[in-house]
Amino acid sequence: MRVLLVGAGGVGTAVTRIVARRKFLTHMVVADYDHSRARAAVDALPGRDERFSALRLDASDEAAVRKALAEHRCDLLLNATDPRFVMPLFRAALASGVHYVDMAMSLSAPHALRPYEECGVKLGDAQFELAERWAESGRMALVGMGVEPGLSDVFARYAADELFDGIDEIGVRDGADLTVEGYEFAPSFSIWTTIEECLNPPVVYEKDRGWFTTAPFSEPEVFDFPEGIGPVECVNVEHEEVLLIPRWLDARRVTFKYGLGDDFIARLKTLHELGLDSTARVTVPGEDGPVRVSPRDVVAACLPDPATLGDRMTGKTCAGTWVRGTKDGEAREVYLYHVVDNQWSMREYGSQAVVWQTAVNPVVALELLSTGAWSGEGVLGPEALPARPFLDLLTEYGSPWGLREQG
């Protein structure tokens, strides 16, 4: 398999470190707008692995992406950029006749009049509008194949196939006890993406009602996370699983809740109140005259790069899917989960826990696609494909998952 990896940030770099240990890869072109980042990701791999090369590439330039795919004879485009670049990369892959995998879906837009009651443009709508063209091409666009979305959706499919006869609710629950020494505020993942998903109206799905929205940080609940993390308050957040799972699985209700903490929520609200979450450019003074910048990009530039925080981080992160329903006529409730200890991921891969946990799942998916264990055509979510091969291979990668009976 020949892969064009677009994005050499924390997740993209972790992808290279994971896939370098696997034999299925023929070649991976590591591309980034900053060529030095792409070069650094390649040069950091042990043994000067000739299967990797670096390229400068603007992810917003569809023609340049198509040219790179053709020149390097790639079979698949793996998108490790932030959601702003989903559609140009998605369209470039479609036009080039290659498969496509991403970890976050096309951006949403709130309802103009009733943002906290009705959906406007939903996450992934722009991608699913092109589903027929993808199917006609005979290629697969596997969307939302990170950890959340991604592994969480695989867990949902596994529960539907093997653990339940009927499902009342699927609720993705994410929590951690990570701390970063020396910083009062240092998000462990892209602040650009975090602002987008946390300040947009959260989406909830109910079978009798369809998709609808609520206010940000609504319906707080305390969820007890495994492996020593313990109780964490979680709140509704906009996330792709709620838009993906109901397309393939039968559940009466689907939610996503994230353990943010009061301090983190307060800081996000302050950014919103000051307009610093905006992506619309404003004019500010510069050394050579006025320049146009996005407030959100400024916030991201002022905060430490999450990929560089591993040496200062301690603790664990947990991604998982809570499911309740019936099996053999009896009520059942389970939590399927995946925990990564930052000390382990730094020691084994030199990547902090959150970016490593995100990166391992698309690599597992690439290997399944390369062997034919996963196959299909059109725009598909992870829950559209069989779960067991994925979970077995994830364990083979040395990163086992768990199942806890609830109640």
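Note: the structure precedes this text.
Quick caveat: nothing in here was measured; it's all calculated off a predicted structure. (Residues numbered from 1 in each chain as written. Predicted model: local features only at pLDDT ≥ 70, side-chain atom pairs only at ≥ 80, totals over all residues. Heavy atoms only, no water.)

How two helices sit against one another is set out by the angle between their axes and by the gap between those axes. Where helix 8 (residues 191-199) contacts helix 11 (residues 295-302), the two axes come as close as 9 Å, and the packing angle between them is 130°. By the angle between their directions, the pair helix 8 and helix 11 is classed as oblique. The segment helix 8 lies against helix 11, with Ile191, Trp192, Ile195 and Glu196 engaging Arg296, Asp297, Val299 and Ala300. Per-class residue counts for the contact of helix 8 with helix 11 are 5 nonpolar, no polar and 3 charged. (Axes fitted to C-alpha atoms, helices over the stretch in contact; angles between N-to-C directions. Helix = DSSP H or I, 4+ residues; strand = E, 2+ residues; numbered from the N terminus. Parallel < 35°, antiparallel > 145°, perpendicular 65-115°, else oblique. Contact = heavy atoms within 4.5 Å. Nonpolar A, V, L, I, M, F, W, Y, C, P; charged D, E, K, R; others polar.)

This part is about the nonpolar core. In this structure, Met28, Val30, Leu78, Ile170, Leu260, Trp374 and Phe390 are the most contacted members of the largest nonpolar core, which totals 92 residues. Per-element accounting of this core gives the leading share, 11 residues, to helix 13 (residues 353-371). Setting aside chain neighbours within four positions, we find Val30 in contact with Leu5, Ala8, Thr16, Ala38, Ala41, Val42, Phe52, Ser53, Ala54 and Leu55. Among the nonpolar cores identified, the runner-up in size contains 28 residues, and Val6, Leu57, Met87 and Leu94 belong to it. (Core = buried A, V, L, I, M, F, W, Y, C linked by side-chain atoms within 4.5 Å. Buried < 20%, exposed > 50% of the residue type's maximum accessible area, 1.4 Å probe, protein only.)

A word on the environment of Ala104. Here Ala104 lies in the loop between strand 5 (99-102) and helix 5 (125-128). Overall, the relative accessible area of 16% leaves Ala104 in the buried class. For Ala104, the contacting residues outside a window of four places in its chain are Pro83, Val86, Gly144 and Glu240.

This brings us to the packing of helix 8 against helix 10 (residues 262-273). Between helix 8 and helix 10, whose axes approach to 11 Å, the crossing angle comes to 90°. Classified by the angle between their axes, helix 8 and helix 10 sit roughly perpendicular to one another. Here Thr194, Ile195, Cys198 and Leu199 of helix 8 come into contact with helix 10, specifically with Phe264, Leu268, Leu271 and His272. Looking at side-chain class alone, the contact of helix 8 with helix 10 contains 6 nonpolar, 2 polar and no charged residues.

Enumeration according to the criterion identifies 29 salt bridges in this entry. Ionic pairing is found between Arg267 and Asp263, a salt bridge with its closest N-O pair at 3.0 Å. A residue pair is termed a helical-turn pair when its members lie 3 or 4 positions apart in one helix, as Arg267 and Asp263 do in helix 10 at 4 residues. Taken together, the shared-partner salt bridges connect Asp168, Glu169, Arg173, Glu206, Glu219, Glu221, Arg252, Arg253, Lys257 and Arg324 into one network. (Salt bridge = Lys/Arg side-chain N within 4 Å of Asp/Glu carboxyl O.)

To continue, consider unusual backbone geometry. As a rule of thumb, non-glycine residues mostly have phi less than zero, and peptide bonds are mostly trans rather than cis. With an omega dihedral of 0°, the bond running from Glu148 to Pro149 counts as a cis peptide bond. Looking at where Pro149 falls in the secondary structure, it is placed in the loop between strand 6 (140-142) and helix 7 (151-163). For Glu219, which is not glycine, the phi dihedral falls at a positive 50°. Looking at where Glu219 falls in the secondary structure, it is placed in the loop between strand 10 (210-213) and strand 11 (221-225). For Glu219, a relative accessible area of 36% puts it in the partly exposed group. Within the chain, Asp328 stands out as a residue other than glycine whose phi angle is a positive 55°. You can call Asp328 exposed: its relative accessible area is 63%.

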